Amino acid sequence: MENRLKNKNKNNPDVWTAIQHLQKAIAAGGVDPKVLALVHLRTSQINSCSACVYASVAGGKKAGDTDERLHNVAAWREAPFYTDAERAALALAEAATRLQDGAQGVTDEIWEEVNAHFNEEEIDAINLEIALTNFFNRINRTIKEPAGQTWS
């Protein structure tokens with residue numbers, strides 16, 4: 001697959017500055033980077049964004065996560081490798097991402113579980129991570145961004 005945009009990082013520097021500010025805001029939320037990488041990975045799997053799947057696996061490894069956990073995130077409900085907090089974040093990521101599938105979205109049960117494990121600042125960071133990942137997934141699918149690159 002060949003990228004449709006040849007100079008995507010140079011076309012509008014204001015866009016990349018804004019994205020960097022969003023990434024800083026996510027990092028400032030205090031969420032374990034491994035949790036954010038899992039959220040990014042699961043969201044990207046749902047959206048079939050190979051570039052972001054590749055980047056989130058690399059990010060998870062950089063944060064100290066294991067191959068075992070990263071390779072099983074697609075089956076996180078059945079796999080024994082995740083904490084209750086990580087499961088809550090993954091459920092939130094799925095519910096917020098699957099809106100286009102006609103799913104009901106984030107239920108009160110999912111929201112209550114997230115609130116049981118994270119404070120409001122952390123929830124803000126996780127929500128922003130989900131939204132930014134969906135943003136990147138849609139852009140990457142549109143421009144045919146190939147897997148094999150990381151942006152960190």
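Quick notes on the rules
- Residues numbered from 1 in each chain as written.
- Predicted model: local features only at pLDDT ≥ 70, side-chain atom pairs only at ≥ 80, totals over all residues.
- Heavy atoms only, no water.
- Helix = DSSP H or I, 4+ residues; strand = E, 2+ residues; numbered from the N terminus.
- Buried < 20%, exposed > 50% of the residue type's maximum accessible area, 1.4 Å probe, protein only.
- Contact = heavy atoms within 4.5 Å.
- Areas by Shrake-Rupley, 256 points an atom, 1.4 Å probe, with all protein chains shown as cover.
- Core = buried A, V, L, I, M, F, W, Y, C linked by side-chain atoms within 4.5 Å.
- Patch = residues over 30% accessible without salt bridge, like charges linked within 9 Å, V, L, I, M, F, W, Y side chains within 5 Å.
- Salt bridge = Lys/Arg side-chain N within 4 Å of Asp/Glu carboxyl O.
- Lys, Arg positive; Asp, Glu negative; His and termini not counted.
- Charge placed at Lys NZ, Arg CZ, Asp CG, Glu CD.

S.K.: Let's hear about the overall build of the chain: which residues, and what values?
M.R.: A count of helices and strands for the chain gives seven helices and zero strands. The buried share of the chain, taken over its 152 residues, is 40%. Relative to all contacts within the chain whose residues are 6 or more apart in sequence, the contacts with residues 24 or more apart total 70%. Element-wise, carbon and sulfur atoms account for 51% of the exposed surface of the chain, whose accessible area totals about 8,500 Å².

S.K.: So what's going on with the nonpolar core? Residues and values would help.
M.R.: Core analysis: the biggest nonpolar cluster contains 32 residues, and Val39, Val114, Phe118 and Ile126 have the highest contact counts within it. When residues of this core are traced back to their parent elements, those giving at least two are α1 (13-28), α2 (33-46), α3 (50-62), α5 (84-97), α6 (108-117) and α7 (120-143). With seven residues, α5 is the single largest residue contributor to this core. Setting aside anything within four residues of it in sequence, one finds Val39 in contact with Ala89, Leu90, Ala93, Ile126, Glu129 and Ile130.

S.K.: An account of a negative patch on the surface is requested, with residue identities and associated values reported.
M.R.: Residues Asp84, Asp108, Glu109, Glu112 and Glu113 make up a contiguous surface patch of negative charge. Here the element with the most residues in the negative patch is α6; it accounts for four residues. Positionally, Asp108 belongs in helix α6.

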